[in-house]
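# Residue-level structure breakdown
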Number of protein chains: 2
Amino acid sequence: MSQSTSVPTARRALVDPKSCSISGALDALGDSWSILVLRELFYGVRRFNDIQNDLGISRSVLTDRLARLVEIGVARTEPYQEPGDRVRNQYRLTRKGVRMLPVMVALMEWGDEYLCGGEGPVTLEHRETGETVRVELRTVSGAPVEPSQIVTKARNGRSR
Amino acid sequence: MSQSTSVPTARRALVDPKSCSISGALDALGDSWSILVLRELFYGVRRFNDIQNDLGISRSVLTDRLARLVEIGVARTEPYQEPGDRVRNQYRLTRKGVRMLPVMVALMEWGDEYLCGGEGPVTLEHRETGETVRVELRTVSGAPVEPSQIVTKARNGRSR
DNA sequence: CAGTATCCCAAGCGATACTG
DNA sequence: CAGTATCGCTTGGGATACTG
């Protein structure tokens, strides 16, 4: 990746590895169910029992997870009413939840490639053009980037 | 996302939600430490004690996690030797591990945006141009895609 | 249907000590 | 430095039963 020397040199942490970002995101949503619940919501599954049946998650844990997702702000409840029935709750992604989509797609691509031999059970397509949708590393100006071209920089100045 | 009706209809799972892809990737690397270890390796940290100190992970768990990462094939060991010292092991990402980079970057961006108020402690830059590197949803032909434009399709034919 | 309430087990993890 | 070995706790989560 960033360097190709064979012997690693003495080092200090680039940045406090417990702070923010990856570790923080994992603290919030890195348990064994949250991302799968988010995936269900993205697929359009919104009802408690449907999610439970799809995932095979226990009811108590799903209750807990949904509450937490709402608390964190990645999902929200929304009342709905079937004709002749009482009002119930459904769940939807918020903008903050939708922003987790690149994470889900990236996981899916990795799984497709290395667990399903290149072709997964689900594809993502552009609604109008029908083209396959993928996740890519690009510069802000839109140029494709290879992992080997990436340099990590801490805001304090150091880099790798 | 995919639909905007207020009352969800009866449903069947789009695809077996336990199979492959997201769930499979999470089974392999979704525990509380693996991705953080991968991040360290990407940052260029390769030695046992360095990783341990950075992450604050316990030694026994790190031993276990590194072994598993090697077993899965996302990391590999590589002997190295400091002058006047005996041969030791270091760890590096394999191609399969590097392919997890979009997941890490996506998590980092989400964390930066929602946990650090928009600006995280680390930035990724293109080595030559210095431009910031991001992860994006695009079609195979390179057109940017909004989440709302994505349709999910199962290979069996159904879609959402 | 959409939860809540209990109960209990097992995995996951940290702390600590030891070794080549 | 790079691990391995033990131990014991904590908590995540499944099973089951109950409720408005």
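Each chain has its residues counted from 1, following the order in which its sequence is written. Ligands are numbered from 1 and chains lettered from A, in the order in which they are written. Confidence filtering applies because this is a predicted model: local features only for residues at pLDDT of at least 70, side-chain atom pairs given and counted only at 80 or more, and all residues used for totals across whole chains, interfaces and linings. Note that water and hydrogens are dropped before the side-chain values are worked out from all heavy atoms of the structure.

### Quick notes on the relation of the copies chain A and chain B
Between chain A and chain B, the superposition needs a rotation of 180° and an axial shift of 0.0 Å, giving an RMSD of 0.0 Å. A rotation of that kind, with that shift, is consistent with a two-fold axis. Note on definitions: a residue-residue contact is assigned when non-hydrogen atoms from the two residues lie within 4.5 Å. When the interface residues of chain A are mapped onto chain B, 99% of them are again interface residues, pointing to one common binding face. When the copies are superposed, the least-squares fit draws on C-alpha atoms of residues that have pLDDT of at least 70 in both.

### Thoughts on the confidence of the model for chain A
Of the residues in chain A, 86% have a pLDDT of 70 or more, and the chain-wide mean is 89. Each residue carries a pLDDT score, the predictor's confidence in it, ranging from 0 to 100. Contacts from residues 1-10 of chain A, a stretch scored under 50 in pLDDT, to residues over four places away or in other chains number 26 contacts.

### A look at the domain arrangement of chain A
Residues and elements named next belong to chain A. Domain delimitation follows an automatic or database domain assignment. Assigned domains of chain A: these are domain 1 (16-94) and domain 2 (100-150). On a C-alpha basis, the centroid separation for the pair domain 1 and domain 2 is 23 Å. The partner domain 2 presents 6 residues to the 6 residues of domain 1 that form the contact. Here the quantity called buried area is the total loss of accessible area, with a 1.4 Å probe, experienced by two parts when brought into contact, counted for both. Contact between domain 1 and domain 2 buries roughly 550 Å² in total, counting both sides, with carbon and sulfur atoms accounting for 93%.

### Focus: the interface of chain A and chain B
One frequent convention defines the size of an interface as the accessible area lost when the parts assemble. Every contact between the two is made by 101 residues of chain A and, on the other side, 100 residues of chain B. Counting each side, the surface lost to burial between chain A and chain B is near 9500 Å², with a carbon and sulfur contribution of 61%. Considering only the side of chain A, the residues that lose the most area to chain B are Ile22(A), Trp110(A) and Arg155(A), jointly responsible for 8% of the buried surface there. One side-chain nitrogen of Lys or Arg within 4 Å of one carboxyl oxygen of Asp or Glu is enough to make a salt bridge. Inspection of the chain A/chain B interface yields 6 salt bridges. Classification convention: Asp, Glu, Lys, Arg as charged; Ala, Val, Leu, Ile, Met, Phe, Trp, Tyr, Cys, Pro as nonpolar; all other residues, Gly among them, as polar. Classifying every residue of the side of chain A that touches chain B by side-chain character gives 51 nonpolar, 24 polar and 26 charged.

### Considering the protein's contact with DNA strand C
Around DNA strand C, 18 residues are found, and the nearest of them are Arg59(A), Thr63(A), Tyr80(A), Ser32(B) and Arg86(B). Sugar and phosphate atoms represent 57% of those atoms of DNA strand C found within 4 Å of the protein. Counted as a polar contact is a pair of N or O atoms within 3.5 Å, where, for protein atoms, one must be capable of donating a hydrogen and the other of accepting one, and residues adjacent in sequence contribute only when both atoms are in side chains. In the environment of DNA strand C, a phosphate oxygen lies 2.4 Å from a nitrogen or oxygen atom belonging to the side chain of Tyr80(A). Within the contact set of DNA strand C, a base nitrogen lies 3.2 Å away from a side-chain nitrogen or oxygen of Ser60(B). A helix here means a DSSP run of H or I that spans at least four residues, while a strand means a run of E at least two residues long, and both kinds are numbered starting from the N terminus. For the surface near DNA strand C, the secondary structure elements donating two or more residues are helix H3 (48-55), helix H4 (59-72) and strand E2 (87-93) of chain A together with helix H4 (59-72) of chain B. Looking at side-chain class alone, the surface near DNA strand C contains 5 nonpolar, 7 polar and 6 charged residues. Throughout, near means a residue has at least one heavy atom within 4 Å of the molecule or strand.

### Quick look at the nonpolar core
Grouped together as the largest cluster of nonpolar side chains are 84 residues, with contacts concentrated most on Met100(A), Leu107(A) and Met100(B). In contact with Leu107(A), not counting residues within four places along its chain, are Ile35(A), Ser21(B), Ile22(B), Ala25(B), Leu26(B), Met100(B) and Val103(B). The set of buried Ala, Val, Leu, Ile, Met, Phe, Trp, Tyr and Cys residues whose side-chain atoms join them within 4.5 Å is what this entry labels a nonpolar core. For every residue, the accessible area obtained with a 1.4 Å probe (protein chains only) is divided by the maximum for its type, and the residue is called buried under 20%, exposed over 50%, and partly exposed between those limits.

### A look at the pairing of strand E4 (residues 133-139) of chain A
Judged by how many residues are buried, E4(A) sits mostly within the fold: 6 of 7 residues are covered. DSSP bridges decide pairing: two strands pair if at least two such bridges lie between them. Here E4(A) pairs with strand E4 (residues 133-139) of chain B via 7 bridges, running antiparallel. Each bridged residue has a counterpart across the sheet, and for Thr139(A) the counterpart in E4(B) is Val133(B).

### Structural notes on the pairing of strand E3 (residues 122-126) of chain B
Taken across its 5 residues, E3(B) has 5 buried, putting it largely inside the fold. By the alternation rule, side chains of E3(B) split into Val122(B), Leu124(B) and His126(B) and Thr123(B) and Glu125(B), which are all buried. Bridge count for strand E5 (residues 150-154) of chain A against E3(B) is 5 bridges, and the pairing is antiparallel. Paired with Ile150(A) across the two strands is His126(B), which belongs to E3(B).

### Details of the protein's contact with DNA strand D
In the vicinity of DNA strand D lie 18 residues, with Ser32(A), Arg86(A), Arg59(B), Thr63(B) and Tyr80(B) positioned nearest. Expressed as a percentage, the sugar and phosphate content of the atoms of DNA strand D within 4 Å of the protein is 55%. Note that a base nitrogen of DNA strand D is positioned 3.3 Å from one of the side-chain N or O atoms of Ser60(A).

### What to know about the packing of H3(A) against H4(A)
Residue and element names in this part refer to chain A. Geometry is summarised by axes, namely lines fitted to C-alpha atoms with helices restricted to the contacting stretch, and by angles between N-to-C directions that run from 0 to 180 degrees. At a minimum axis separation of 10 Å, H3 and H4 run at an interaxial angle of 120°. The angle between H3 and H4 falls in the class oblique. Here H3 runs over H4; the crossing is right-handed. Contacts from Phe48, Asn49, Ile51 and Gln52 of H3 reach H4 at Arg59, Leu62, Thr63 and Leu66. Along the lines of polarity and charge, the residues of the contact of H3 with H4 split into 4 nonpolar, 3 polar and 1 charged. Orientation is classified from the angle alone, with under 35 degrees giving roughly parallel, over 145 giving roughly antiparallel, 65 to 115 giving roughly perpendicular, and any other angle giving oblique. Take the far helix as the reference: if the near one is turned anticlockwise from it by less than a right angle, the crossing is left-handed, and if turned clockwise, right-handed.

### What about the packing of aromatic side chains?
Residues and elements named next belong to chain B. Any two rings among Phe, Tyr and Trp, with Trp reduced to its six-membered ring, count as a pair given centres within 6.5 Å; such a pair is stacked if its planes are under 30 degrees apart, edge-to-face if over 60, and tilted if neither. According to the stated counting rule, one finds 4 aromatic pairs over all chains in the structure shown. Look at phenylalanine 42 and tyrosine 43: their rings are 6.3 Å apart centre to centre, the planes differ by 45°, and that puts the pair in the tilted class. Residue tyrosine 43 is classed as buried on the basis of its relative accessible area, which comes to 8%. On the basis of an interplanar angle of 45° and a centroid distance of 5.5 Å, the ring pair of tryptophan 110 and tyrosine 114 is categorised as tilted. Placement of the pair is tryptophan 110 and tyrosine 114 together in helix H6 (residues 101-115), with a separation of 4 residues, close to one helical turn. Given a relative accessible area of 2%, tryptophan 110 falls into the buried group. Among the residues examined, tyrosine 114 registers a relative accessible area of 24% and is labelled partly exposed.

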